[in-house]
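One letter stands for each residue in the lines below.
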Amino acid sequence: MISDVAGFDWPALTAELNDTGCALTPPILSERECRELSALYDDVGRFRSTIDMARFRFGSGQYRYFAYPLPDPVARLRAVFYPHLLPIARDWAAKLGWDAPWPDDLETWLDRCHRAGQIRPTPILLRYGAGDWNALHRDLYGELVFPLQVVIGLDAPGTDHTGGEFLLVEQRPRAQSRGTVTQLPQGHGLIFTTRDRPVRSSRGWSAAPVRHGVSTVRTGIRHTLGLVFHDAT
């Protein structure tokens, strides 16, 4: 069973997101659930497209975008996270003086995306082998963007693979960039910034652009599930 996301220490997670732009959650999925999700990778009919990262110079490795209807665990994970991320998204928008177009429920928000032409599902399953990596990037996909997303580790670091740490790089106003490295434990999620986050400046608040990627996998296989809360054009 997916863990009780509502029972997480959301004030602590929010504080960490405000401080660094990412926050590691307690376990969300059991080992069995992780193995079941990673096994979906070979069921090609569940996906709308496959991306070879080397072909597009995104790095090395491969990922697949799920097709609608999403597998039940993936749909439930996206639905249970959204209401807890929403207050953070609205707070960040208020600090930056930006619009906050996100309604109270995910279904209404996705319907708004679809009416704007963003109709393709964005949850992804990623597979990296030895030597694979992911270049720093941002998952925008269209004009309508939710400012937070979640990645869940499906394999056990040190057992199934070595290397493959999650990378987050923040471009700080009038300063050198700051990097954060996180090893994703199996079944845990990492909440992180999709595009920009507010940071204090001499003028109050400024938008710090953030990109994310994955360091080189040294040995083994690394699977992760990515949950993006807006759909793609």
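Structure shown above.
Let us look at the structure shown here. (Residues numbered from 1 in each chain as written. Predicted model: local features only at pLDDT ≥ 70, side-chain atom pairs only at ≥ 80, totals over all residues. Heavy atoms only, no water.)

**Side note on the packing of aromatic side chains**
In step 1: Under the criterion given, the structure shown has 11 aromatic pairs.
In step 2: Each ring, one from F56 and one from F58, has its centre 5.6 Å from the other, and the planes form 25 degrees; the classification is stacked.
In step 3: Of the residues examined, F56 reaches a relative accessible area of 40% and is grouped as partly exposed.
In step 4: Judged by relative accessible area, F58 falls into the partly exposed class, the value being 36%. (Phe/Tyr/Trp six-rings, centres within 6.5 Å; stacked < 30°, edge-to-face > 60°. Buried < 20%, exposed > 50% of the residue type's maximum accessible area, 1.4 Å probe, protein only.)

**Section: the environment of Y82**
In step 1: By the element assignment, Y82 lies in helix α3 (residues 72–96).
In step 2: A residue is classified by how much of its surface remains accessible, and Y82, at 0% relative accessible area, is buried.
In step 3: Sequence separation between Y82 and G204 is 122 residues, and the spatial gap between their C-alpha atoms is 28 Å.
In step 4: Dropping the residues within four chain positions of it, Y82 is found in contact with W102, P103, D104, D105, L106, W109, F146 and F229. (Helix = DSSP H or I, 4+ residues; strand = E, 2+ residues; numbered from the N terminus. Contact = heavy atoms within 4.5 Å.)

**Focus: the layout of surface pockets**
In step 1: For the largest pocket, the calculated volume is near 340 Å³.
In step 2: Around the largest pocket, the lining is made up of 26 residues, and of these I124, N134, H137, D139 and H212 lie nearest the centre.
In step 3: Those elements that place two or more of their residues in the lining of the largest pocket are β4 (62–66), β5 (124–128), β6 (133–137), β7 (148–153), β13 (204–214) and β15 (222–227).
In step 4: Counting residues per element, the lining of the largest pocket draws most heavily on β6, at four residues.
In step 5: Taken together, the residues of the lining of the largest pocket break down into 16 nonpolar, seven polar and three charged.
In step 6: By volume, the second largest pocket amounts to about 220 Å³.
In step 7: When residues in the lining of the second largest pocket are grouped by element, the largest group, four residues, is from α3.
In step 8: Class assignment of the residues belonging to the lining of the second largest pocket gives a composition of 11 nonpolar, no polar and four charged. (1 Å grid on protein atoms, 1.4 Å probe; cavity = no way out; pocket = protein on both sides within 12 Å on 5 of 7 lines; lining within 4 Å. Points joined across faces, edges and corners; volume = space filled by probe spheres on them. Nonpolar A, V, L, I, M, F, W, Y, C, P; charged D, E, K, R; others polar.)

**Re the environment of V181**
In step 1: Along the chain, V181 turns up in strand β10 (residues 178–182).
In step 2: Classification of V181 by relative accessible area gives exposed; the value is 57%.
In step 3: Taking the C-alpha atoms as reference, V181 lies 9.0 Å from S215; in sequence the two are 34 residues apart.
In step 4: Excluding residues that lie within four positions of it along the chain, V181 makes contacts with E165, F166 and L167.

**Some words on the nonpolar core**
In step 1: With 42 residues, the main nonpolar core has F81, F146 and L225 as its most contacted residues.
In step 2: Counting residues per element, the ones that place at least two in this core are α1 (10–20), α2 (31–39), α3, α4 (106–115), β7 and β15.
In step 3: The element contributing the most residues to this core is α3, with 10 residues.
In step 4: Not counting the four nearest positions on each side in its chain, L225 is found in contact with L37, F66, V74, L77, I124, L125, V150, V151, I152 and L154.
In step 5: M53, Y63, Y65 and V214 belong to the second largest nonpolar core, which has nine residues in total. (Core = buried A, V, L, I, M, F, W, Y, C linked by side-chain atoms within 4.5 Å.)

**Considering the side chain of S38**
In step 1: Relative to the assigned elements, S38 resides in helix α2.
In step 2: In this structure S38 touches L125, R127, L154 and H223, once residues within four positions along its chain are discounted.

**As for the environment of A12**
In step 1: Mapped onto the elements, A12 comes out in helix α1.
In step 2: The spatial distance from the C-alpha of A12 to the C-alpha of V214 is 25 Å, given a sequence separation of 202 residues.

**Digging into the pattern of salt bridges**
In step 1: Tallying each qualifying case throughout the model produces 15 salt bridges.
In step 2: One salt bridge in this structure joins D104 and R90, with 2.8 Å as the shortest N-O distance. Of this pair, D104 sits in the loop between α3 and α4 while R90 is found in helix α3, placing the two residues 14 residues apart along the sequence.
In step 3: Of the residues examined, R90 reaches a relative accessible area of 33% and is grouped as partly exposed.
In step 4: Across the pair K95 and D91 runs a salt bridge, and its minimum N-O distance is 3.1 Å. (Salt bridge = Lys/Arg side-chain N within 4 Å of Asp/Glu carboxyl O.)

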